[in-house]
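Structural overview
Residues per chain are reported as follows:
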Amino acid sequence: MKTNKLLFAAFMLTAFLAYSHAMSAQAASPKSGKPSGAPQWSVQVDKVDQGDVILESAFRVAIYENLLDEMAKTKRFKQVFRSGDHHAADVPDLLILKTTVQKYTAGSETRRTVTTVSGATKLKVSSQLTTKDGKVVLEKVVDGNVRFFGGNLRATHNLAHNIGTQIKESTLPPPNAATAEGSIERRMEASADSVSTSEMDVR
Amino acid sequence: MNHRNIPSKAALGARIPTRRKLACLLLLIACSAMLAQNPSASPAAAGGSSVRATHILGLQGVSKSAGGNLSIDGDALKFQKTEGAAAQVPISSIQDVSLGVEDRQVGGVPLAVGRAATPYAGGRVIGLFSHKKYDTLTLEYLDADGGLHGAIFEISKGQAEGFKDALVAKGAHVKVEGQTAAASTPEVKK
């Protein structure tokens, strides 16, 4: 009986030690995709491009405003700028979030309440994170729907939340690397241009 | 003499549950229909310079779903919360004003709970009557740094058009359908 108690106590102690060790290790390790102490990107949220889709202004504006909120919530960016903000031009490590609406299905809260199965508001957008020189860092197609509860504009909140989650879960290249890649690309383009001009000169 | 036949207790007991349920259902429908009725436009609203509004999102310093009074105060659009400070946007900074119509269920959480608790899918019937149409007023404006802001207000049906006209008369820009952003920027001539 006494041995059983001792064994149980030893087991509990081991379990507690293992759990506390795992927790401390989890706390010490940086979150996935978020380099600790590394330079961070800033982001500028661009106006929502509705493309060929007929979308109410309220939805366009709500997506934009909700995206600004969600970008701040991700804590992946040093600063979040609005579209057209003059201060963004001076920021070196800037990503631009471009959102293009691909599909929109207008819904009705009353239809949702009465029928449950119909009347969903659906939004589908293509979301791109690009550098200043147009290099695409991240591209995702994201949905935002309201199927049961809430008003139609809630779809924009859900959409922005999903975009925020996608960005949070993805790994962005470090700012320096992306800028260097961009500069390498630019240099290669420049050298290609010089080659072609020299060829033209020869001719 | 006003004399009525009172049914026996046993008969009454058998009929009460259904009657009660029906009465409750009718009462809920009546209440929801009353809630869904649109208030008539006030004389001030007809002029379009001041309307009761609910802030949906976007206006800085104002919480979502805050109720208040939307008015034109000199050269600024003013949203005076029912309780608290007012928020102002210069009319000259407004880049676009657009209107929309939305439809939503009234009564909030209490009526939603009532709908869910109503037997025989009576909640769906209540849902048919407990909705209300309202206008949305969407503004796009620039701040001092050139950053684009958007704000959405919910206004009683029929009042937003007059308010939009008043804003336009005061100098707010309105994008014509098909007008692109590039059209508003100065053209670069070679």
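What you see is a predicted model, and the numbers here were worked out from it, not measured in a lab.

**Structural notes on the overall build of chain B**
Within chain B, the secondary structure is distributed over six helices and seven strands. Element order for chain B, N to C, with α for helix and β for strand: α-α-β-β-β-β-β-α-α-β-β-α-α. Put simply, chain B has 190 residues, and 37% of those count as buried. Contacts in chain B between residues at least 24 apart in sequence constitute 59% of all its contacts with a sequence separation of at least 6. Split by element, the accessible area of chain B, about 11,400 Å² in all, is 58% carbon and sulfur.

**Here's the deal with the sheet that holds strand β7 (residues 148-156) of chain B**
In space, the seven strands of this open sheet follow the order β4-β3-β2-β1-β7-β6-β5 (chain B), with antiparallel pairing throughout. Two strands close off the open sheet at either side, each with one partner strand: β4 (86-90) and β5 (94-105) of chain B. Here the strands of the sheet are splayed against their neighbours by 35° on average, with no regard to which way each runs. Each of β1 (50-57), β5, β6 (131-142) and β7 of chain B is contacted by helix α2 (residues 57-74) of chain A, which is oriented at about 130° to β7(B), the strand it contacts most. Here helix α5 (residues 160-169) of chain B sits on the sheet and contacts β1, β2 (66-73), β3 (76-81), β5, β6 and β7 of chain B; the angle it forms with β5(B), its principal contact strand, is near 170°.

**With respect to the interface of chain A and chain B**
Taken together, the 27 residues of chain A in the interface contact 32 residues of chain B. Both faces combined, the contact of chain A with chain B buries some 2,200 Å², and carbon together with sulfur accounts for 51% of it. Seen at the junction of chain A and chain B, the total is two salt bridges. Along the contact surface separating chain A from chain B lie 14 residue pairs in polar contact (both at pLDDT 80 or more). Mapped by element, the contributors of at least two residues to the side of chain A that touches chain B are α2 and α3 (109-115) of chain A. At 10 residues, the largest contribution of residues to the side of chain A that touches chain B is made by α2(A). In terms of residue class, the side of chain A that touches chain B is built from seven nonpolar, 12 polar and eight charged.

**A word on the pattern of salt bridges**
A complete count under the given rule lists six salt bridges over all chains for this structure. Residue B:Glu140 is joined to A:Arg60 by a salt bridge in which the shortest nitrogen-to-oxygen separation is 3.2 Å. Residue B:Glu140 is found in strand β6, and its partner A:Arg60 is found in helix α2; the two belong to separate chains. Assigned by exposure class, B:Glu140 and A:Arg60 land together as buried.

**A word on the environment of A:Arg82**
Examined against the element boundaries, A:Arg82 turns out to sit in the loop between β2 (77-81) and β3 (94-105). Separated by 36 residues in sequence, A:Arg82 and A:Asp46 place their C-alpha atoms 7.0 Å apart. When residues no more than four places from it in sequence are discounted, the contact partners of A:Arg82 are A:Gln44, A:Val45, A:Tyr64, A:Glu65, A:Leu68, B:Gln60, B:Asp143, B:Gly147, B:Leu148 and B:His149. Here the side chain of A:Arg82 touches B:Leu148 through a polar contact of 3.0 Å, landing on its backbone oxygen.

Conventions we followed
- Residues numbered from 1 in each chain as written.
- Chains lettered and ligands numbered in written order.
- Predicted model: local features only at pLDDT ≥ 70, side-chain atom pairs only at ≥ 80, totals over all residues.
- Heavy atoms only, no water.
- Helix = DSSP H or I, 4+ residues; strand = E, 2+ residues; numbered from the N terminus.
- Buried < 20%, exposed > 50% of the residue type's maximum accessible area, 1.4 Å probe, protein only.
- Contact = heavy atoms within 4.5 Å.
- Areas by Shrake-Rupley, 256 points an atom, 1.4 Å probe, with all protein chains shown as cover.
- Pairing = 2+ DSSP bridges.
- Axes fitted to C-alpha atoms, helices over the stretch in contact; angles between N-to-C directions.
- Buried area = accessible area lost by both parts, 1.4 Å probe.
- Salt bridge = Lys/Arg side-chain N within 4 Å of Asp/Glu carboxyl O.
- Polar contact = N/O pair within 3.5 Å; in protein donor to acceptor, adjacent residues only side chain to side chain.
- Nonpolar A, V, L, I, M, F, W, Y, C, P; charged D, E, K, R; others polar.

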